[in-house]
Amino acid sequence: MQLLSILRMASGASLWRGLDYVEQGRVKNLRPGGEGVFDAEVEGTANLPYTVHVDTVHVRQSHCDCPHAAGTKRICKHMVATVFTAYPQQVDAFKWEVEQEELAFQREEEAHRAELVRYVNSLKKDELREALLAALIELEERQDRWW
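Keep in mind that what you see is a predicted model, and the values were worked out from it rather than measured.

### A word on the overall build of the protein chain
Phase 1 of the analysis: For the protein chain, the helix and strand inventory stands at five helices and four strands.
Phase 2 of the analysis: The C-alpha radius of gyration of the protein chain comes to 24 Å, more than 25% above the 15 Å expected for a compact globule of 147 residues.
Phase 3 of the analysis: If one aligns the C-alpha atoms of the protein chain with their principal axes, the spans along those axes are about 70 × 40 × 25 Å.
Phase 4 of the analysis: Looking at the protein chain as a whole, 31% of its 147 residues are labelled buried.
Phase 5 of the analysis: For the protein chain, restricting intrachain contacts to residue pairs at least 6 apart in sequence, the fraction spanning at least 24 positions comes to 48%.
Phase 6 of the analysis: Just so you have it, the protein chain exposes about 10200 Å², and 54% of that area is on carbon and sulfur atoms.
Phase 7 of the analysis: When the 18 positive and 24 negative side-chain charges of the protein chain are each reduced to one mean point, those points stand 2 Å apart.

See below:
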């Protein structure tokens, strides 16, 4: 299953915070309003819950009265939480995509390390000493810049 476009438009921070809100049960009074349309109240950091309107078909019609999204076309964590509550299978799709990205990153890291090992093994003793010294000097210079 692929993520709904409204979720693809959200930032990574909004996706994770929205998922947290769902897991904390902060989405209240979820009401369907037609094909792919939902209204809800989402408890946030304010005293009163935020009012959320999500339209998964016409994404730009979605809105929330929180400070992050009010008067903008941003997809906030409250909208994400509403979508995840309305479509719980989207939580699984999101987690699956994150897992696939992490696996791809791990494969790239492993390939890079294997290439590095091949390179180091191909060096002659003098070349290896020279490369090691250059790497240590570069590391030392980087550490000096941080302090």
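### Regarding the nonpolar core
Phase 1 of the analysis: Grouped together as the largest cluster of nonpolar side chains are 30 residues, with contacts concentrated most on Leu7, Cys64, Met79 and Phe84.
Phase 2 of the analysis: For this core, the elements supplying multiple residues, two or more each, are helix 1 (5–8), helix 2 (12–23), strand 2 (37–42), strand 3 (50–55), helix 3 (77–86) and helix 4 (89–122).
Phase 3 of the analysis: Sequence-distant contacts of leucine 7, that is, excluding residues within four places in its chain, are made with Leu15, Val80, Val83, Phe84 and Gln90.

### Re the pairing of strand 2
Phase 1 of the analysis: With respect to burial, strand 2 is a largely interior element, five of its six residues being buried.
Phase 2 of the analysis: In the sheet, strand 1 (residues 27–32) pairs with strand 2 via four bridges, with the strands oriented antiparallel. Bridge pairing in strand 2 links valine 27 to valine 42.
Phase 3 of the analysis: Hairpin connection, strand 1 to strand 2: the antiparallel pair is bridged by four residues, and glycine 34 has positive phi, about 130°.
Phase 4 of the analysis: Inspection of the sheet shows strand 2 paired to strand 3 by six bridges, in the antiparallel sense. By the bridge assignment for strand 3, phenylalanine 38 is matched with valine 54.

### Examining the sheet that holds strand 3
Phase 1 of the analysis: Pairing within the open sheet is antiparallel, and its four strands lie in the order 1-2-3-4. Strands at the two margins of the open sheet, each flanked by one partner only, are strand 1 and strand 4 (63–64).
Phase 2 of the analysis: The strands that helix 3 touches are strand 1, strand 2, strand 3 and strand 4; relative to strand 3, the one it contacts most, it runs at about 60°.

### A closer look at the packing of aromatic side chains
Phase 1 of the analysis: Applying the stated criterion across every chain, the model contains three aromatic pairs.
Phase 2 of the analysis: When the ring of tryptophan 16 is compared with that of phenylalanine 94, the centres are 4.8 Å apart and the planes differ by 65°; the resulting orientation is edge-to-face. Placement of the pair is tryptophan 16 in helix 2 and phenylalanine 94 in helix 4, with a sequence separation of 78 residues.
Phase 3 of the analysis: By relative accessible area, tryptophan 16 is classed as partly exposed at 43%.
Phase 4 of the analysis: On the numbers, 5.9 Å between centres and 40° between planes, the contact of phenylalanine 84 with phenylalanine 94 is tilted. Of the two residues, phenylalanine 84 is situated in helix 3 and phenylalanine 94 in helix 4; the sequence distance between them amounts to 10 residues.
Phase 5 of the analysis: Overall, the relative accessible area of 1% leaves phenylalanine 84 in the buried class.

About the thresholds
- Residues numbered from 1 in each chain as written.
- Predicted model: local features only at pLDDT ≥ 70, side-chain atom pairs only at ≥ 80, totals over all residues.
- Heavy atoms only, no water.
- Helix = DSSP H or I, 4+ residues; strand = E, 2+ residues; numbered from the N terminus.
- Rg over C-alpha atoms; globule rule 2.2 N^0.38 Å.
- Buried < 20%, exposed > 50% of the residue type's maximum accessible area, 1.4 Å probe, protein only.
- Contact = heavy atoms within 4.5 Å.
- Areas by Shrake-Rupley, 256 points an atom, 1.4 Å probe, with all protein chains shown as cover.
- Lys, Arg positive; Asp, Glu negative; His and termini not counted.
- Charge placed at Lys NZ, Arg CZ, Asp CG, Glu CD.
- Core = buried A, V, L, I, M, F, W, Y, C linked by side-chain atoms within 4.5 Å.
- Pairing = 2+ DSSP bridges.
- Axes fitted to C-alpha atoms, helices over the stretch in contact; angles between N-to-C directions.
- Phe/Tyr/Trp six-rings, centres within 6.5 Å; stacked < 30°, edge-to-face > 60°.

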